[in-house]
Amino acid sequence: MRRVVVSLLIVVLAIAPVAVLFASGASEEPGVQRHAFVFKNTGNPYGEKQMEGFQEGIEEQGGEAILRAPDQPTAEAQIQIIEQLIAQQVASISITGNDYDALEPVLTRAMDSGISVLSADSAVNPNSRLTHINQADSEMIGRTLIQAAYDMADGAGDIAILSATSQASNQNLWIEWMQTELDENPDKYADLNLVRIAYGDDLRDKSVSETEALLQSFPDLEVIIAPTTVGIAAAGRVITDRGLIGDVYVTGLGLPSEMAEYIENGACPYMFLWNPIDVGYLTAYAAVAAVNGDITGAAGETFSAGRLGDFEIVEASDGGTEVLLGAPFRFDPSNIDEWKDVY
Ligand code: RAM
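What you see is a predicted model, and the numbers here were worked out from it, not measured in a lab.

Please give an account of the nonpolar core that cites residues and values.
Counting 81 residues, the largest nonpolar core has Trp-274 and Phe-303 as the members making the most contacts within it. The greatest single-element share of this core, amounting to 11 residues, is contributed by helix 10 (residues 276-291). No fewer than three residues from each of domain 1 (34-135 + 276-326) and domain 2 (138-273) sit in this core. Residues contacting Phe-303, with those up to four places away along its chain left out, are Leu-282, Tyr-285, Ala-286, Ala-289, Ile-295, Gly-309, Asp-310, Phe-311, Ile-313 and Val-323. Counting 18 residues, the second largest nonpolar core, distinct from the first, contains Ile-86, Val-90, Val-106 and Ala-110.

Encoded structure:
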């Protein structure tokens, strides 16, 4: 009897490692890295394009992309999603932050558990990320948008800003540069009055009602600057529906697919944007490079980003580091047709 027990034990011990291997292989494909992207909120076509580019870049490198976004653009809602991703032990998390500082505790926990964390489009603070994927130079965006409003207002009158949420670090940085452009050129902008900064929270209905409130409060409003694709499309809609084309203009950052109608009808003479698919794609390559140990997020490091070529990590203005995609592009009646089916 003892001999039977002993030989049974030997058999069990011999097959145990094989069984364990088999079990882990069956529950998950071994060797496939899972990379998550967390956007601000659902229902934003810009975010969908960014995540589409991320998925393309991850799958091209043999990984699996997990795409997430909360219903509401809040830090609290993103924290819940990040907690789930930590529990799933994904290889990396790339986030378009709903708050600069509030995500630090949960993102630090993610990094402590071995997950590579990056931000893209809307930065989290340097302690919360290895590096940030920046779509375009923030100073250039802010200054260019004020210059566009000056041009559309013929140099004089009331202008307002329609932003996303009041916590969005990308919009807030662009608005700071808009204010700097005004402050540094007091003579040029002496007759241009920035009367209000409104927040549509990147929600379509709220952006529409905030536009209506601006028009009501400031009947002589000349230009609305909306540095958000959701806000600019809402303002274009309201100006068009109310028959205000030629009286009030909107400019800012818009998706050609959503803005072609308003560029063609004159509500928006011109606007700017970068390619959101490329922002996501570049993020995917930085995330895989971080997980593979090719970059740590330090300035001076370089990595290859597939069809976009090679990139270098540089110092960012907030004390952390970033990777810059490129210069923003101007869309107007001469080129909007070529772009409206792309993004
Ligand atoms: C909105 C979002 C996004 C921003 C663009 C310009 O879709 O706020 O973060 O980069 O606009």
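So, the pairing of strand 7 (residues 192-199): which residues are in play, and what are the values?
When strand 6 (residues 157-163) meets strand 7, the two strands line up parallel, connected through 7 bridges. Looking at the pairing, Ile-161 lines up with Ile-197 of strand 7.

Explain unusual backbone geometry residue by residue, including any values.
At Gln-89, a residue that is not glycine, the phi angle is positive and equals roughly 50 degrees. Notably, Asp-121 is not glycine yet its phi reads approximately 75 degrees, a positive angle. Among the secondary structure elements, Asp-121 is positioned in the loop between strand 4 (116-120) and strand 5 (132-134).

Outline the sheet that holds strand 8 (residues 221-226), listing residues and values.
Pairing is parallel in the open sheet, where 4 strands are placed in the order 7-6-8-9. Bordering the open sheet on either side are strand 7 and strand 9 (249-252), each of which pairs with just one other strand. On average, each strand axis in the sheet is inclined to that of its neighbour by 25 degrees, with strand direction left out of account. As judged from the 4 bridges shared by strand 8 and strand 9, these two strands associate in the parallel manner. Bridge pairing links Ala-226 to Gly-252 in strand 9. The sheet contacts of helix 5 (residues 138-152) involve strand 6, strand 7, strand 8 and strand 9, and relative to strand 9 the element is tilted by about 160 degrees. Along the sheet, helix 8 (residues 229-241) contacts strand 6, strand 8 and strand 9; its crossing angle with strand 9, the most-contacted strand, is approximately 170 degrees.

Quick one: what's the story with the packing of aromatic side chains, residue by residue and with numbers?
Across all of its chains, the model carries 13 aromatic pairs by this definition. Through successive ring pairs, a cluster of aromatic residues spans Phe-39, Tyr-46, Trp-174 and Trp-274. Note that Arg-330 overlies the ring of Tyr-270, its terminal NZ or CZ placed 3.8 Å from the centroid.

Outline the site of the ligand, listing residues and values.
Taken together, 13 residues surround the ligand, and among them Lys-40, Asp-121, Gln-171, Asp-202 and Thr-229 come closest. Within the side chain of Asp-121, a nitrogen or oxygen atom sits 2.5 Å from an oxygen atom of the ligand. The leading source of residues in the shell around the ligand is helix 6 (residues 169-184), at 3 residues. Split into classes, the residues belonging to the shell around the ligand amount to 4 nonpolar, 6 polar and 3 charged. Counting the residues that make up the shell around the ligand, at least three belong to each of domain 1 (34-135 + 276-326) and domain 2 (138-273).

Give me the lowdown on the domain arrangement of the protein chain, citing residues and values where you can.
As assigned here, the protein chain comprises domain 1 (34-135 + 276-326) and domain 2 (138-273). Between domain 1 and domain 2 lies a buried interface of about 1,200 Å² when both sides are counted; carbon and sulfur atoms form 50% of it. At the boundary of domain 1 with domain 2, the tally comes to 1 salt bridge. With its nearest N and O atoms 3.9 Å apart, the salt bridge here joins Asp-202 to Lys-40. Between the two partners, domain 1 and domain 2, sit 6 residue pairs in polar contact (both at pLDDT 80 or more). Residue classes in the side of domain 1 that touches domain 2 are distributed as 6 nonpolar, 7 polar and 3 charged.

What counts as what
- Residues numbered from 1 in each chain as written.
- Predicted model: local features only at pLDDT ≥ 70, side-chain atom pairs only at ≥ 80, totals over all residues.
- Heavy atoms only, no water.
- Core = buried A, V, L, I, M, F, W, Y, C linked by side-chain atoms within 4.5 Å.
- Buried < 20%, exposed > 50% of the residue type's maximum accessible area, 1.4 Å probe, protein only.
- Helix = DSSP H or I, 4+ residues; strand = E, 2+ residues; numbered from the N terminus.
- Domains from an automatic or database assignment.
- Contact = heavy atoms within 4.5 Å.
- Pairing = 2+ DSSP bridges.
- Axes fitted to C-alpha atoms, helices over the stretch in contact; angles between N-to-C directions.
- Phe/Tyr/Trp six-rings, centres within 6.5 Å; stacked < 30°, edge-to-face > 60°.
- Lys NZ or Arg CZ within 6 Å of the ring centre and 35° of its normal.
- Near = heavy atom within 4 Å.
- Polar contact = N/O pair within 3.5 Å; in protein donor to acceptor, adjacent residues only side chain to side chain.
- Nonpolar A, V, L, I, M, F, W, Y, C, P; charged D, E, K, R; others polar.
- Buried area = accessible area lost by both parts, 1.4 Å probe.
- Salt bridge = Lys/Arg side-chain N within 4 Å of Asp/Glu carboxyl O.

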